[in-house]
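Observations on the model geometry
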Amino acid sequence: LRDGGEEGELAPALTIEETVPFGLDVSGYLLTNLSSSILAGKSSSQGLVLITFSRSPSFYLQLLKKGIVVSSIRILDCYTDPLGWIDQSKCVSDLKKLFSSIIEAGRELVGTGKTRFCVAIDSVNELLRHSAMPLVSGLLTDLRSHAQISSVFWSLNTDLHQEKVTNALEYISTMKANLEPENLFSVHQDFGKGRFHVRFKLRKGRVRVMSEEYHVDQSGINFATKSLLPKVQFNLQLSEKERVEKEKVVLPFEHQDDGKSNEIYDGRRSLVDKGGEIIYFRDSDDEHPDSDEDPDDDLDI
């Protein structure tokens, strides 16, 4: 999301699936980090347009440290007046006007040149309540196609929609994230911690999956990269005594105490001088004797 997409490509898009109560915490976490990257000049975009449906603009202003990053953000309030009784441009049922409002808000931040901005939608559930899935899909695709938009991400509560809706949004996304709480089937469920999975669609058609552990406390949601190495119940490091004993072991190819090296019988040399000999009798006269010649020597490979 921070790096955006290559020129001529659709902007990368992330769907955050909310299956536990902390889906919005993930959105807020990404929003805060993306805003910080924009302010620090570490992002390909120079502004962010946030469309609010599930929470008020004041909530996000508080989340973003009381105005520290407001200069790089424009908030479209679709929470207070979702049906457009006061402002028709923010009506969730008129997606063409909503698209125009998003582009206008972005250009207020970065101008009309090649400077880019990113778009965040805190929840597409409200859009799906008032518009058909093809129209919502069209809006998201139009946002990804716009030359000045570097990336898009949105949240979706999968418990409120059929699987075909979830699949359609996943299809137009380049990334999908979801939370997997611990003790899902326990009587005393602990949704405050679990695993956070992200699925990436790479340019060449391959898919990469990242997994992190998450924990929610009073300070918010925190992530820690999950180690892919299996836990072992033994020590892989040698002690000094073990190292000394290991060096004393004589391997078969090493010299023995008599100063001579071991010879490994290769199945061809006679061992008469060693006190023994292997004699082979053919089963019949039709059996060909052994030969050092390559039986496939005449093949053109």
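Quick look at the structure, then. (Residues numbered from 1 in each chain as written. Predicted model: local features only at pLDDT ≥ 70, side-chain atom pairs only at ≥ 80, totals over all residues. Heavy atoms only, no water.)

This part covers the overall build of the chain. When helices and strands are counted, the chain shows 7 helices and 9 strands. Of all 301 residues assigned to the chain, the portion counted as buried reaches 36%. Taking contacts inside the chain between residues at least 6 apart in sequence as the whole, the part at least 24 apart equals 65%. On the chain, roughly 20200 Å² of surface is accessible, and the fraction owed to carbon and sulfur atoms is 51%. (Helix = DSSP H or I, 4+ residues; strand = E, 2+ residues; numbered from the N terminus. Buried < 20%, exposed > 50% of the residue type's maximum accessible area, 1.4 Å probe, protein only. Contact = heavy atoms within 4.5 Å. Areas by Shrake-Rupley, 256 points an atom, 1.4 Å probe, with all protein chains shown as cover.)

The contact between helix α3 (residues 95–110) and helix α5 (residues 133–145) brings their axes to 10 Å, and the two run at 20 degrees. Considering their axes alone, α3 and α5 lie roughly parallel with respect to each other. In terms of crossing hand, the pair formed by α3 and α5 is right-handed. Only Leu135, Val136, Leu139, Asp142 and Leu143 of α5 make contact with α3, whose side of the interface consists of Leu95, Leu98, Phe99 and Ile102. Class assignment for the residues of the contact of α3 with α5 results in 8 nonpolar, no polar and 1 charged. (Axes fitted to C-alpha atoms, helices over the stretch in contact; angles between N-to-C directions. Parallel < 35°, antiparallel > 145°, perpendicular 65-115°, else oblique. Left-handed = near helix turned anticlockwise from the far one by under 90°. Nonpolar A, V, L, I, M, F, W, Y, C, P; charged D, E, K, R; others polar.)

Turning next to the layout of surface pockets. There is about 1100 Å³ of room inside the largest pocket. Forming the walls of the largest pocket are 33 residues, and the residues nearest its centre are Leu1, Pro12, Thr174, Met175 and Phe200. Breaking the lining of the largest pocket down by element, the ones donating at least two residues are α1 (23–39), β6 (175–182), β7 (190–201) and β8 (207–217). Ranked by residue count, the leading element in the lining of the largest pocket is α1, at 6 residues. For the lining of the largest pocket, the class distribution of residues is 19 nonpolar, 6 polar and 8 charged. (1 Å grid on protein atoms, 1.4 Å probe; cavity = no way out; pocket = protein on both sides within 12 Å on 5 of 7 lines; lining within 4 Å. Points joined across faces, edges and corners; volume = space filled by probe spheres on them.)

To continue, consider the pattern of salt bridges. Counted under the stated rule, the structure contains 6 salt bridges. Glu108 is the salt-bridge partner of Arg74, the closest N and O atoms lying 3.5 Å from each other. In this pair, Arg74 is assigned in strand β3 (residues 73–77) and Glu108 in helix α3, connecting sequence segments 34 residues apart. Using a relative accessible area of 49% as the deciding quantity, one classes Glu108 as partly exposed. Several salt bridges share partner residues, and in doing so they unite Glu170, Lys176 and Arg199 into one network. (Salt bridge = Lys/Arg side-chain N within 4 Å of Asp/Glu carboxyl O.)

This part covers the nonpolar core. Membership of the largest hydrophobic core comes to 33 residues, with the highest contact counts inside it found for Ile51, Val119, Ile121, Leu127, Trp154 and Leu169. At the level of secondary structure, the elements contributing two or more residues to this core comprise β2 (48–52), α3, β4 (117–121), α4 (125–130), α5, β5 (149–157) and α6 (163–171). Per-element accounting of this core gives the leading share, 7 residues, to α3. With 23 residues, the next largest nonpolar core counts Phe153, Met175, Phe200 and Val216 among its residues. (Core = buried A, V, L, I, M, F, W, Y, C linked by side-chain atoms within 4.5 Å.)

Our next topic: the environment of Leu64. Considering the arrangement of structural elements, one finds Leu64 in the loop between α2 (57–63) and β3. Taking relative accessible area as the criterion, Leu64 reaches 5% and is therefore assigned buried. As for Leu64 and Ser35, which are separated by 29 residues in sequence, their C-alpha atoms are 8.3 Å apart.

As a further point, take the packing of aromatic side chains. Inspection of every chain in the model, using the stated rule, returns 3 aromatic pairs. Geometrically, the ring pair formed by Phe59 and Tyr60 is edge-to-face, given 5.1 Å between the ring centres and 85 degrees between the ring planes. Overall, Tyr60 belongs to the buried group, its relative accessible area being 5%. When the centroid spacing of 4.9 Å and the interplanar angle of 55 degrees are considered together, the rings of Phe196 and Phe223 count as tilted. Taken together, the residues Phe196 in strand β7 and Phe223 in strand β9 (residues 220–225) connect sequence positions 27 residues apart. Three or more aromatic residues link up through ring pairs in this structure, and these residues are Tyr29, Phe196 and Phe223. The aromatic ring of Phe200 is capped on one face by Arg208, whose charged end is 4.6 Å from the ring centroid. (Phe/Tyr/Trp six-rings, centres within 6.5 Å; stacked < 30°, edge-to-face > 60°. Lys NZ or Arg CZ within 6 Å of the ring centre and 35° of its normal.)

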